Amino acid sequence: MKAIFRIQSGKNYFIFLVVLAVGCGSRQYDYVRIGKEDFYITDTGFKNFMKSILNEEDVTSDPMVKCPNGQMCPQWQCNKTVTPDVCLNIQNGIKAGKPTCLTYMKNTKEARKNRYHACKSAAGKKNLGPKPTNMSDPSCDEYPFASTKEGGQGAHVMWVPLQQNSDQGISLLSFYRRNKLEMNGCFAVFL
């Protein structure tokens, strides 16, 4: 579905053509990409998407929650429609005692190490089990995420379709950017 929006900012008028629920086959997205940024089209997200285009400061489209450490942290929500297997892995990880409040590591080298320990090390492979033959492009998904201090060795792992893993990665990266998370920034995970 396409929608055209006319927004006034000061003396300037902006007209936007926004594609909502862009699909590729049967898959649908609830975000729009402008340049290198993804903006989620939710009630709050859409308003903040428009604010960010109009260069309004301090745009955060995600709700804040209080974590056990007392900090107020933005909340990322797993999209059960787009990434059901990834959400199931997160749910199983939380049931197994993994935390819902996580600490972002901006360091991609450390994230690669975490991913290795969770999915490719001997212990990770043992927890993961053999690749399923009935799944197209199986990919190792880990929770807590490799991009967090809580991720890595001992993470809950599960085979998921590669496309779901990629979609979740895009969603998470967009969340980090949208909330301007820095090294050691906290966030909460919600299903």
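None of the values given here were measured: they were computed from a predicted structure.

(A) Highlighting the packing of helix α2 (residues 84-95) against helix α5 (residues 162-178). At a minimum axis distance of 8 Å, the contact between α2 and α5 shows a crossing angle of 70°. Judged by the angle between their axes, α2 and α5 are roughly perpendicular. Across from P84, D85 and V86 in α2, the residues of α5 making contact are Q164, N165 and Q168. Split into classes, the residues belonging to the contact of α2 with α5 amount to two nonpolar, three polar and one charged.

(B) Region of the structure containing helix α3 (residues 108-120). Between its first and last C-alpha atoms α3 spans 17 Å; for 13 residues at 1.5 Å apiece the expected length is 18 Å, and the two agree. Where α3 is buried, its residues touch α4 (122-128), β10 (138-143) and β11 (156-161). Among the residues of α3, the N-terminal cap falls to N107, whose side-chain oxygen and the backbone nitrogen of K109 are separated by 2.8 Å.

(C) Quick look at the sheet that holds strand β12 (residues 186-190). Strand order across the open sheet formed by four strands is β7-β8-β12-β9, with mixed pairing between neighbours. Only two strands of the sheet have a single neighbouring strand rather than two, namely β7 (64-66) and β9 (101-103). Put simply, the sheet's adjacent strands are angled 45° from each other on average, direction ignored. Strand contacts of α5: β8 (72-77) and β12, with the helix running at about 155° to β8, the strand carrying the most contacts.

(D) Highlighting the environment of G97. Among the secondary structure elements, G97 is positioned in the loop between α2 and β9. G97 sits in the exposed class, given a relative accessible area of 59%. Distance in space between the C-alpha atoms of G97 and H156 is 9.6 Å, their sequence separation being 59 residues.

(E) Up close: the state of the cysteines. Across all of its chains, the model carries four disulfides by this definition. Residue pairing for C78: its cysteine sulfur links by disulfide to C87, the two sulfurs lying 2.0 Å apart. Every disulfide takes its handedness from the sign of the S-S torsion; for C78 and C87 that torsion is -100°, giving left-handed. The pair formed by C78 and C87 is uniform in burial state, with each residue classed as buried.

(F) The arrangement of the pairing of β10 in detail. With five of six residues buried, β10 is to be regarded as a mostly interior element. In the sheet, β10 pairs with β11 via six bridges, with the strands oriented antiparallel. Residue E142 lies in a different strand from β11, and its bridge partner there is V157.

(G) Quick peek at the nonpolar core. One finds W76, I90, F145, Y176, F187 and V189 to be the most contacted residues of the largest nonpolar core, which totals 17 residues. Listing elements by their share of this core, those giving two or more residues are α2, β11, α5 and β12. Once you skip the residues sitting within four places of it in the chain, Y176 turns out to touch Y104, F145, S147, T148, L181 and F187. Counting residues in hydrophobic clusters, the runner-up holds seven residues, among them A118, A155, V157 and W159.

(H) The side chain of T148, seen in detail. With respect to the helices, strands and loops of the structure, T148 is situated in the loop between β10 and β11. Within polar-contact distance, the side chain of T148 engages the backbone oxygen of F145 at 2.7 Å. If near-sequence neighbours (up to four positions away) are discounted, T148 is found in contact with L102, T103, M105, N114, Y176 and F187.

(I) Quick look at the side chain of D141. Position of D141 relative to the elements: it lies in strand β10. Summary of buried charges: D141 has no salt-bridge partner, and the nearest side chain of opposite charge, R115, is 8.2 Å away. Once residues within four sequence positions are removed from consideration, D141 is found in contact with V86, N89, H156, V157, M158, V160, N165 and Q168.

(J) Summary view of the pairing of β12. Along β12, four of the five residues are buried, which leaves the element largely enclosed by surrounding structure. Here β8 pairs with β12 via three bridges, running parallel. Paired with Q77 across the two strands is F190, which belongs to β12. Bridge count between β9 and β12: three bridges; the pairing is antiparallel.

About the cut-offs
The numbers attached to residues start from 1 for each chain and follow its sequence in the written order. Note on the predicted model: pLDDT of at least 70 is required for a residue's local features to be given, and 80 or more for side-chain atom pairs to be given and counted; whole-chain, interface and lining totals, by contrast, use all residues. Water and hydrogen atoms were dropped before computing side-chain values, which therefore reflect all heavy atoms in the structure. Axis lines are fitted to C-alpha atoms, over the contacting stretch for helices. Their N-to-C directions set the angle, which ranges from 0 to 180 degrees. Numbering of helices and strands starts at the N terminus; helices are DSSP runs of H or I of at least 4 residues and strands are runs of E of at least 2. Here the word oblique covers every angle except those under 35 degrees (roughly parallel), over 145 (roughly antiparallel) and from 65 to 115 (roughly perpendicular). The criterion used for residue contact is that any of the two residues' heavy atoms lie within 4.5 Å. Three classes are used, and their members are as follows: Ala, Val, Leu, Ile, Met, Phe, Trp, Tyr, Cys and Pro are nonpolar, Asp, Glu, Lys and Arg are charged, and the others, Gly among them, are polar. A helix is expected to span 1.5 Å multiplied by its residue count minus one. Side-chain atoms alone can form a polar contact between residues adjacent in sequence; in general such a contact is a pair of N or O atoms within 3.5 Å, and within protein one must be able to donate a hydrogen while the other accepts it. At least two bridges found by DSSP between two strands is the condition for calling them paired. Three labels apply to residues, based on accessible area from a 1.4 Å probe with only protein chains included: buried if under 20% of the type maximum, exposed if over 50%, partly exposed otherwise in between. Our working definition of a disulfide is a cysteine sulfur pair at a distance within 2.5 Å. Here, nonpolar core means buried Ala, Val, Leu, Ile, Met, Phe, Trp, Tyr and Cys residues that are tied together by side-chain atoms lying within 4.5 Å of each other. When charges are counted, Lys and Arg are positive and Asp and Glu negative, with His and the chain ends excluded. Salt bridges are defined by distance alone: a side-chain nitrogen of Lys or Arg within 4 Å of a carboxyl oxygen of Asp or Glu.

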